[in-house]
Amino acid sequence: MEQVSSTGLPNIDQHLIRRKATEPIRSQRTFRLDFNKTSKALYVIGTVLKANLKRSAPPGSNYFSVQCSPKVQYRISPPPTENGRLPIPFTGNTVLLITMDTASENEFDSKLSLMYYGEKSMVMGKAVVHLMAVEISLDVDADRDGLVERNNPNKGSWTWGPKGHGAILLVNCDSERSYVKKPDSEIAEVTRVSDLNDMSLMVLRTRGPPRLPDGYKLAMHISQSDAESVRVFRTKSTEGVQKTLKNLLFNCFVKDYPLVLGKKDLSKEVPYLGGNAEMKFYVEGLRFPDKDFEGLITINISLLEPCSKYFPETPIFTDSVVFRVAPWIMTPNTLNPVEVYVCSTSDNYVFLKGMRNLVDRSGSKLKICHEYMNRQDRWMQDEIEIGYIESPHQRFPVVLDSPRDGGLQTFPYEELLGPDFGYVTRTAYDEEVSSLDSFGNLEVSPPVTVNGKNYPLGRIIIGVAFPTATKGRNMTKVVQDFLWAQKVQKPIALFSDWLLVGHVDEFMTFVPAPDKKGFRLLLASPDAGYTLFRGLQNDGNGKAKMFDGLGATQEITVDEILSDETLQAENNYVQNCIDWNRDVLKRELGLDDDDIIDLPILFHVLEDNRAVAYYPDMVNMIVLGKNLGIPKPFGPKVNGRCVLETEMTRLMTGLGLCCTYIDDFTTYHKMLGEVHCGSNARREPFSFKWWNMETI
């Protein structure tokens, strides 16, 4: 019963007028206080119930007073001009802000009452509300340390940088199943516990009475646009979790993770467990960032309040978390190799032998794609690019399958997709696929700094038509859009359509270096080739033969090469094309001339003014740590040594690199490719975490 003073007014603890909640305020909810009525309100800790007192007051009311239970706090806005004066006069639209600090132990175990007065001693009415406080928090790893912290204040937004925040989500594009070849994101349910490792943990934490009042419920929901990009599963119960742990020991299939949200499920009720409880959810990405998808996803939990029998529930509280889908990241030559992939064909035994010796020296593994799988398609570099995806709790390689679809078409899906090895592709439905869509035309630089802007994961490099070309070939837009959308390795477009095959790896590559920027850019250079050959001629070696030992029809002397004016004109054109790209690379990668090494390589121009390498293209190499697998150039010999090999070895030895020359003349070079075109490598990931990039 209320205690009444000698004036007939309730005694009030005066300091409550200025008392504030200690929890951070997340949101306010308009609340109606009806006079001469007792009502009930479910309060969520961290929010504010906002009641306009004048709007709900009886006619003629000029004053009011408030009394509440110990667990209830309130403040008045605007604050009373005379602190301690009772009753309190209305000032315009006087607002009562109600908060609570701790969850209730029982239903509606707290109370707030409001007395209305006409004159100071005239009671006009009374409003009473019984309050029940619950704590609801949807939590993720917002600080990116691998742990799901409680109610991080930044969980509802996403920012870049080492001081940034926001949770990270992987596209669940590997396949944990041996009996079916499909990415896990295309399987309708969780059937292996190991699949959960590829998902991001999200925890619903609640605290309060054993159950919600009748009609109240919790619902998890996403937007229709996000539903194409994410799925959410949950654990059924504590018993289900224990059973799952038991199944994990036997690596059995489990079905204790029902789907909560997905393409057909935008909203679903989830249990309120009561007491101090946690419910785990597992979130998986369904697609990578792309032109029509920035990569951000919002998941919400709402508390719904019943209105009446004939009306739907309405939300009275919503908590939200934001994920960013991890980008697909390429790896440059400066990262150590893990596995090397090559094809076995009926004629490439010599090439395979050289590759095997090189891979053994590098300490990596050689994976051979046999003829039944490659169908005589030997161009392993052109079919795939192997990158990776990463979150704070998980990381695995992901193969990007090119749209070229040659004999190796099924290799990445059938042979690489598997547990902790993902798969992604882009299909050009309305575009013509050209040679420029092969991934010899897709490279990435080592980390660089350009005009003060850091690219700690390097920059993607692609080849396209010259900007003024009207009928040039280009990489399909669908692939370019995908590469740009990953954001963390901002692409650079070079001019490669001057080449018959049209790939950037025909005139450039990167090798590690112990100084300066940690790498060198190697560029094919007809000028360097002519300088080398003129030096031979001046030294009296003009009769030395190119392609010595490959047969009389192949052999040609240095004098004959230098006297061929058409060949000279062709290489002048090629040098102009390479110089244009050189300037772009210097500008976009922040390079000086000292960061570039010119390799002596000549070209020959064929139909449509497009060029091919005149002899095995030494820049088209595979880089395995400090070991370089270089196409054997079959250059002129002086004192029994190939002068092209000698010059290449001299240039690379200065960087602490070891050169191995692999004979690919018949089985690759004459088919318009070289060592790099016929091989591929999976490399170690960057130690740098992509989410720590300062600016995008």
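Starting from 1, residues in each chain are numbered consecutively following that chain's sequence as written. In keeping with the model being predicted, local features are shown solely for residues with a pLDDT of at least 70 and side-chain atom pairs are shown and tallied solely at 80 or more, while totals for entire chains, interfaces and linings include all residues. Excluded from the side-chain calculation are hydrogens and water; included are all heavy atoms of the structure.

Peer 1: Whenever I open this one, the side chain of Thr-345 confuses me. Can you help?
Peer 2: For the purposes of this entry, the term helix denotes a DSSP run of H or I that reaches at least four residues, the term strand denotes a run of E that reaches at least two, and both are numbered from the N terminus. Its place among the elements puts Thr-345 in the loop between β19 (337-343) and α3 (349-362). We define a polar contact as two N or O atoms separated by no more than 3.5 Å, with the added condition that, inside protein, one atom must be a possible hydrogen donor and the other a possible acceptor, whereas residues neighbouring each other in sequence contribute only through side-chain atom pairs. At 2.7 Å, the side chain of Thr-345 and the side chain of Asp-347 are in polar contact.

Peer 1: Looking at this structure, how should I read the pairing of strand β8 (residues 110-117)?
Peer 2: Side-chain direction in a regular strand flips from residue to residue, so the side chains alternate between the two faces of the sheet. Most of β8 is tucked away: seven of the eight residues are buried. Two strands are counted as paired when DSSP detects at least two bridges linking them. Across six bridges, strand β4 (residues 63-68) lies against β8 in antiparallel orientation. If you follow Val-66 over to β8, its bridge partner there is Leu-114. As judged from the eight bridges shared by β8 and strand β9 (residues 123-139), these two strands associate in the antiparallel manner. The partner of Leu-114 across the bridge, within β9, is Ala-127. Counted along the chain from β8 to the antiparallel partner β9, the turn is five residues long. Accessibility here uses a 1.4 Å probe with only protein chains present; expressed as a share of the type maximum, an area under 20% marks a residue as buried, one over 50% as exposed, and anything in between as partly exposed.

Peer 1: Got a minute to help me understand the packing of helix α8 (residues 526-538) against helix α10 (residues 565-589) in this structure?
Peer 2: Between two packed helices, both the angle of their axes relative to each other and the distance between the axes serve to describe the pair. Axis lines are fitted to C-alpha atoms, over the contacting stretch for helices. Their N-to-C directions set the angle, which ranges from 0 to 180 degrees. It is at 8 Å that the axes of α8 and α10 come closest, and there the two elements cross at 140°. In terms of axis orientation, α8 runs oblique to α10. On α10, the residues that touch Pro-526, Asp-527, Tyr-530 and Arg-534 of α8 are Leu-567, Gln-568, Asn-571, Val-574, Gln-575 and Ile-578. Broken down by class, the residue content of the contact of α8 with α10 amounts to five nonpolar, three polar and two charged. Each angle receives one of four descriptions, namely roughly parallel if under 35 degrees, roughly antiparallel if over 145, roughly perpendicular if within 65 to 115, and oblique otherwise. It only takes one pair of heavy atoms within 4.5 Å for two residues to be counted as in contact. In the scheme used here, Gly and all other residues not listed as nonpolar or charged are polar, with Ala, Val, Leu, Ile, Met, Phe, Trp, Tyr, Cys and Pro taken as nonpolar and Asp, Glu, Lys and Arg as charged.

Peer 1: Would you mind showing me how to read the layout of surface pockets here?
Peer 2: If a probe the size of a water molecule is rolled over the atoms, the empty space left behind becomes visible. Every definition here rests on a 1 Å grid over the protein atoms only: cavities are sets of points where a 1.4 Å probe fits but cannot get out, pockets are open sets enclosed by protein on both sides within 12 Å along at least five of seven lines, and lining residues have some atom within 4 Å of a point. Grid points are joined across faces, edges and corners, and a volume is the space filled by probe spheres set on the points. The space that makes up the largest pocket amounts to roughly 730 Å³. Considering the residues around the largest pocket, the lining is formed by 25 residues, among which Ser-185, Glu-186, Lys-263, Leu-286 and Arg-287 are closest to the centre. The greatest single-element share of the lining of the largest pocket, amounting to three residues, is contributed by strand β23 (residues 422-425). Along the lines of polarity and charge, the residues of the lining of the largest pocket split into 11 nonpolar, four polar and 10 charged.

Peer 1: Whenever I open this one, empty space enclosed by the protein confuses me. Can you help?
Peer 2: Counting across every chain of the model gives four cavities of 30 Å³ or more. Space inside the largest cavity adds up to approximately 190 Å³. Along its surface, the largest cavity is lined by 19 residues, and Asn-333, Glu-385, Glu-443, His-676 and Arg-683 are the ones closest to its centre. It is strand β41 (residues 679-683) that contributes the most residues to the lining of the largest cavity, four residues altogether. Partitioned by chemical class, the residues of the lining of the largest cavity number nine nonpolar, seven polar and three charged. The calculated volume of the second largest cavity comes to roughly 60 Å³.

Peer 1: I keep staring at the sheet that holds strand β24 (residues 442-444) and nothing clicks. Help me out?
Peer 2: As a general point, the strands of a sheet are linked pairwise by backbone hydrogen bonds and lie either parallel or antiparallel. With respect to topology, three strands assemble into an open sheet ordered β24-β27-β28, the strand pairing being mixed. One side of each edge strand has no neighbouring strand; the edge strands of this open sheet are β24 and β28 (492-495). Between one strand axis and the next, the sheet turns through 35° on average, direction left out of account. The pairing of β24 with strand β27 (residues 460-464) spans three bridges and is classified as antiparallel. When the bridges of β27 are listed, Glu-443 appears paired with Ile-461.

Peer 1: Honestly, the pattern of salt bridges in this entry has me stumped. Any pointers?
Peer 2: Side chains bearing opposite charge may pair, as long as their charged atoms lie close to each other. Think of a salt bridge as a Lys or Arg side-chain nitrogen and an Asp or Glu carboxyl oxygen that are within 4 Å of each other. Counted according to the given criterion, the structure contains 42 salt bridges. Note that Arg-231 is salt-bridged to Glu-284, the shortest N-O span being 2.5 Å. Of the two residues, Arg-231 is situated in strand β13 (residues 230-234) and Glu-284 in strand β16 (residues 275-285); the sequence distance between them amounts to 53 residues. Judged on exposure class, the residue Arg-231 and its partner Glu-284 are both buried. Of the charged contacts in the structure, one is a salt bridge between Asp-515 and Arg-520, with a shortest N-O distance of 3.0 Å. Judged by its relative accessible area of 6%, Arg-520 falls in the buried class. Sharing partners across several salt bridges, the network here consists of Asp-139, Lys-155, Arg-205, Glu-278 and Asp-319.

Peer 1: So what exactly am I meant to see when it comes to the packing of aromatic side chains here?
Peer 2: Where two aromatic rings form a pair, the distance of their centres and the angle of their planes describe that pair. Any two rings among Phe, Tyr and Trp, with Trp reduced to its six-membered ring, count as a pair given centres within 6.5 Å; such a pair is stacked if its planes are under 30 degrees apart, edge-to-face if over 60, and tilted if neither. Inspection of every chain in the model, using the stated rule, returns 24 aromatic pairs. When the centroid spacing of 5.7 Å and the interplanar angle of 75° are considered together, the rings of Phe-510 and Phe-519 count as edge-to-face. A relative accessible area of 1% places Phe-519 in the buried class. Grouped by ring-pair contacts, the aromatic residues Phe-533, Phe-547, Tyr-614, Tyr-615, Phe-634 and Phe-665 constitute a single cluster. Comment: the charge-over-ring label is applied if NZ (Lys) or CZ (Arg) is within 6 Å of the ring centre and within 35 degrees of the ring normal. Cation over ring: Arg-324 sits above Trp-158, and NZ or CZ is 4.9 Å from the ring centre. When the ring centre of Phe-634 is taken as origin, the NZ or CZ atom of Lys-632, which lies over that ring, is 5.5 Å away.

Peer 1: When you look at unusual backbone geometry in this model, what are you seeing that I'm missing?
Peer 2: With glycine set apart, most residues show a phi of negative sign, and most peptide bonds adopt trans. The omega angle of the peptide bond from Ser-77 to Pro-78 is -5°, so this bond is cis rather than trans. By the element assignment, Pro-78 lies in the loop between β5 (72-77) and β6 (88-89). Residues other than glycine seldom take positive phi values, yet Asp-608 does so here, at roughly 55°. Summarising the element assignment, Asp-608 is placed in the loop between β34 (603-605) and β35 (611-613). The class for Asp-608 is exposed, based on a relative accessible area of 62%. You will see that Asn-639, though not glycine, has its phi angle at about 55°, which is positive. With respect to the helices, strands and loops of the structure, Asn-639 is situated in the loop between β38 (637-638) and β39 (641-642).

Peer 1: Where do I start with the sheet that holds strand β1 (residues 27-30) in this structure?
Peer 2: A sheet is described by the order of its strands in space; here four strands give the open sequence β1-β3-β7-β5, paired in mixed fashion. Looking at which strands have only one partner, the edges of the open sheet turn out to be β1 and β5. Across the sheet, the axes of successive neighbouring strands diverge by a mean angle of 30°, strand direction being ignored. Where β1 and strand β3 (residues 47-52) come together, four bridges link them in parallel fashion. Following the sheet pairing, Thr-30 is matched in β3 by Lys-50.

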